[in-house]
Amino acid sequence: MEEIETDQDVQTPLQFEIEQPEEYAQYLLHAKAEVLAILRSLNQRRALISAYFDEGRTFLLTSLLAIDGDNLILELGRDDEVNRQVLAADHIVLTATVDKVKVQFTLPRLVAARYGGRPAFGAVLPDKVLRLQRREYFRLSTPVARPVKFSSSIKRPDRSVMTIEASLLDISGGGVGLMATPALAALLPRGCVLADCKMALPDEGLLVANLCVRNKYEVTTRTGSRYVRIGCEFIALPGARMSMVQRYITRVERERKARLSGMA
């Protein structure tokens, strides 16, 4: 297992799709057979699961070791103190990805258990699971000919406000990838939240969204130039704005396929 990530990395409470049933009702599975099928796939693949608590400020990495009737057995995290904290939490939000499909479910409380003679977490079977279809997170590389511009405001260390601008490298129903200079990337640590970000989607309109920085890595192009790709996740994106993103992705991909067909 990888190391846990604590609230030093995630400072702002997060909102999860499963906690927004009015926006994501079509992705919720309630039938016990369907819930078990999703959980068994996590178990069989030993999928890495992020278990969030403390309003998403802290999480540990785990996996589903076994399904025993109406109970689940989960692997302990690597940090004993964080394991104790998660046992004291009143509810846990678990999120994972299987075949590019996002899975989320909530557990009311974890308890101390044993599996194969070793300490583990125990929990009751969730009453519902959220499953975001593969198409929801298809990542579209934005067209170079019609770039999508991004802007937001951040606070400097002296508390003054500055406007930042970048171009989108890609977009999906889950978030966006920004093309940033190393200097800009240094201002955006992993876990920071960007409020009211503005992205002008050609032929769709202005998308305004809150984003959380999830990852950063350097990229070197064939010409030797360097930039940093900043992966950002949408936070509580309303259904109408998600529809805007999906319309944009569908249209651009359709136009791209049409051009390729014409060139064949």
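Calculation notes
Within each chain, residue numbers correspond to sequence positions counted from 1 in written order. Only residues with pLDDT of 70 or above have their local features reported here, since the model is predicted, and side-chain atom pairs are shown and tallied only from 80 upward, although totals for entire chains, interfaces and linings are computed over all residues. Where side-chain values are given, they derive from all heavy atoms of the structure, hydrogens and water being excluded. Think of it in three bands: with a 1.4 Å probe and only protein chains considered, a residue is buried below 20% of the maximum accessible area for its type, exposed above 50%, and partly exposed in between. Numbering of helices and strands runs from the N terminus; a helix is a DSSP stretch of H or I covering at least four residues, while a strand is a stretch of E covering at least two. Picture the helix axis, draw a direction to every C-beta atom, and the arc is the one those directions span. Contact criterion: two residues are considered in contact whenever any of their non-hydrogen atoms come within 4.5 Å of each other. Polar contact is the term for a pair of N or O atoms within 3.5 Å; when the atoms are in protein, one must be able to donate a hydrogen and the other to accept it, and sequence-neighboring residues count only if both atoms are side-chain atoms. The score called pLDDT rates the predictor's confidence residue by residue, from a low of 0 to a high of 100. Salt bridges are identified by distance alone: a Lys or Arg side-chain nitrogen within 4 Å of an Asp or Glu carboxyl oxygen.

Draft legend 1. Summary view of helix α3 (residues 80–88). All of the buried residues in α3 are Val82, Asn83 and Val86. Along the long axis of α3, the arc covered by the buried residues comes to 105°, so they all point the same way. In α3, the exposed positions that point more than 90 degrees away from the buried face belong to Asp80, Arg84 and Ala88. Packing partners of the buried residues in α3 comprise β2 (49–53), β3 (58–62), β6 (92–98) and β9 (118–124). Capping of α3 at its N-terminal end is provided by aspartate 79; its side-chain oxygen lies 3.0 Å from the backbone amide nitrogen of glutamate 81.

Draft legend 2. The confidence of the model for the chain, seen in detail. Residues with a pLDDT of 70 or more make up 91% of the chain, whose mean pLDDT is 85. Contacts of residues 1–12 to residues separated by more than four positions or lying in other chains number 34 contacts, the stretch itself having pLDDT below 50.

Draft legend 3. Focus on the side chain of serine 63. With respect to the helices and strands, serine 63 occurs in the loop between β3 and β4 (64–68). Among the polar contacts made by the side chain of serine 63, one reaches the side chain of glutamate 75 at a distance of 2.9 Å.

Draft legend 4. How the structure looks around the pattern of salt bridges. This model, assessed by the stated rule, comprises twelve salt bridges. A salt bridge links lysine 102 to glutamate 17; the shortest N-O distance between them is 3.3 Å. Linking lysine 102 in strand β7 (residues 101–107) with glutamate 17 in the segment before α1 (21–24), this pair joins segments that are 85 residues apart in sequence. Each of the two residues, lysine 102 as well as glutamate 17, counts as buried. Ionic contacts of the salt-bridge type, sharing partners, join the residues Glu17, Lys102, Arg214 and Glu233 into one network.

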